[in-house]
Amino acid sequence: MCFLEPTVGPAVQEVPVSITYTDVTAARARIEGHTRRVALSPSERGAEEFGGAEGCFAYEFVQHTGSFKARGAANFVAAHAQAGTLPEAGIVIASGGNAGLACAWAAARHSTPATVFVPETAPAVKVARLRALGARIRQVGSEYAEALEASRKYAAETGALESHAYDHPLIAAGAGTLLEEIRDARPDVETVVVAVGGGGLFAGVAVAAHEHGIRVVAVEPEGSRALHTGLAAGAPVDVPVQSVAADSLGARRVTPMALEWAERAGAVSVLVPDEAITATRAALWDRRRLAVEHAAATALTALSTGAYVPAAGEKVCVVLCGANTGLGDFPAS
């Protein structure tokens, strides 16, 4: 049984282990008009850029707060607001940066305080944006997992409502609305390529894609492969995290619902090296003047390296998921 609507009282913190397509459509109705509809752009370099496929980009990096995370955060906060279960202590979340930004933005829309725990290694540009959104910032540890542990302790001590960067059905269902909008704009899309960290975006997209018969290609850095390892092991397992994209894709363990939907949807799981991610990110800036973060470049890297080889004429959409990055490390050109 899938339970997404929060109820008054302690049960609101109890969540199911999975989501369904109905949850994605409910999320879409809830956040419609509050998030930006995704814009699609065809690949100007044609077959060369997409390995023989008919490609397009989903410009989700122009979403509110600079990433797809706004979708899940908007759904999470709106659902609790509708149920009257937003506590005075506000919302607390641990994040590498993007989920915290989205949470702070969504909470502010409902006049609710947000406390965001981030690693001490979080990019300065994300920390600065969190401050600008009025979030209470706590920097703890060197990895997301350490910030998460601290955030849970804070929730227990203060009564704040605990959100999650990716492992919550309301968050994943909100992310799945992206696939619905892609399909609205391009009903002929056959394959969607998406970067994977903890699996919130992937799970939501996979649910909706499976409903419409669309293939999902899950792309991870070689040094941060939670989904790939979980698929091989048959269960979520801890993995070491060491990647240039770790600030967004640095989860030690994939969510059970992401693993479930990877298997149910027959997702293609591929790995790409950091040096190729960096090169793809630079190419997106050099050729298209798109300043995206490494996580966004990770998805396209699957095509540029041949980690995923589409069939001739295959209609592929690559999700560029976020742009919360500094410009100092882009090549001058």
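For the structure given in this document, a descriptive report is provided here.

About the thresholds
Residues numbered from 1 in each chain as written. Predicted model: local features only at pLDDT ≥ 70, side-chain atom pairs only at ≥ 80, totals over all residues. Heavy atoms only, no water. Pairing = 2+ DSSP bridges. Helix = DSSP H or I, 4+ residues; strand = E, 2+ residues; numbered from the N terminus. Axes fitted to C-alpha atoms, helices over the stretch in contact; angles between N-to-C directions. Contact = heavy atoms within 4.5 Å. Buried < 20%, exposed > 50% of the residue type's maximum accessible area, 1.4 Å probe, protein only. Right-handed = clockwise from strand over helix to strand, strands pointing away. Phe/Tyr/Trp six-rings, centres within 6.5 Å; stacked < 30°, edge-to-face > 60°. Parallel < 35°, antiparallel > 145°, perpendicular 65-115°, else oblique. Nonpolar A, V, L, I, M, F, W, Y, C, P; charged D, E, K, R; others polar.

Topic: the sheet that holds strand β7 (residues 191-195)
Okay, step 1: Read from one edge of the open sheet, six strands run β1-β2-β10-β7-β8-β9, paired in mixed fashion. Of all strands in the sheet, those bounded by a partner on one side alone are β1 (40-42) and β9 (268-272). Geometrically, the sheet is characterised by an average inter-axis angle of 25 degrees between neighbouring strands, direction not taken into account.
Okay, step 2: Bridge count for strand β2 (residues 54-59) against strand β10 (residues 315-320) is six bridges, and the pairing is parallel. Across the sheet, residue Cys-56 finds its bridge partner in β10, namely Cys-317.
Okay, step 3: The strands that helix α11 (residues 274-288) touches are β1, β2, β8 (215-221), β9 and β10; relative to β2, the one it contacts most, it runs at about 85 degrees.
Okay, step 4: Along the sheet, helix α12 (residues 294-304) contacts β2, β7, β8, β9 and β10; its crossing angle with β10, the most-contacted strand, is approximately 155 degrees.

Observations concerning the environment of Phe-202
Okay, step 1: Mapped onto the elements, Phe-202 comes out in helix α7 (residues 200-212).
Okay, step 2: With a relative accessible area of 1%, Phe-202 lands in the buried category.
Okay, step 3: Considering only alpha carbons, one finds Phe-202 and Ala-185, 17 residues apart in sequence, at a separation of 20 Å.
Okay, step 4: For Phe-202, the contacting residues outside a window of four places in its chain are Val-194, Val-196, Val-216, Ala-218, Leu-227, Ala-258, Trp-261, Ala-262 and Ala-267.

Overview of the pairing of strand β3 (residues 91-94)
Okay, step 1: Side-chain alternation along β3 places Ile-91 and Ile-93 on one buried face and Val-92 and Ala-94 on a second face that is also buried.
Okay, step 2: Alignment of β3 against strand β4 (residues 114-118), held across four bridges, turns out to be parallel. From the neighbouring strand, Val-92 faces β4, where its bridge partner is Thr-115.
Okay, step 3: Between the parallel elements β3 and β4, the chain passes through helix α3 (residues 98-109) in a crossover that is right-handed.
Okay, step 4: Bridge count between β3 and strand β6 (residues 161-162): two bridges; the pairing is parallel. Residue pairing for β6: Val-92 is matched across the bridge by Glu-162.

Overview of the packing of aromatic side chains
Okay, step 1: Applying the stated rule across the entire model yields three aromatic pairs.
Okay, step 2: The interplanar angle of 45 degrees and the centroid separation of 5.0 Å between the aromatic rings of Tyr-59 and Phe-61 together place this pair among those described as tilted.
Okay, step 3: By relative accessible area, which is 17% here, Tyr-59 ends up buried.
Okay, step 4: Residues Tyr-144 and Tyr-166 carry aromatic rings whose centres are separated by 5.8 Å and whose planes lie at 40 degrees to one another, so their mutual orientation is tilted. Placement of Tyr-144 in helix α5 (residues 144-158) and of Tyr-166 in the loop between β6 and α6 (169-185) is noted, with a sequence separation of 22 residues between them.

Re the pairing of β9
Okay, step 1: Counting buried residues in β9 gives four out of five residues, a clear majority hidden from the surface.
Okay, step 2: Here five bridges tie β8 to β9, and the two strands are oriented parallel to one another. Paired with Val-217 across the strands is Val-268, a residue of β9.

Examining the packing of helix α1 (residues 21-31) against α6
Okay, step 1: Viewed as axis vectors pointing N to C, α1 and α6 meet at an angle of 80 degrees, and their least axial separation amounts to 8 Å. By the angle between their axes, α1 is roughly perpendicular relative to α6. Contacts between α1 and α6 involve Tyr-21, Asp-23, Val-24, Ala-27, Arg-28, Arg-30 and Ile-31 from the former and Leu-170, Ala-173, Gly-174, Gly-176, Thr-177, Glu-180, Glu-181 and Asp-184 from the latter.
Okay, step 2: Class assignment for the residues of the contact of α1 with α6 results in six nonpolar, three polar and six charged.

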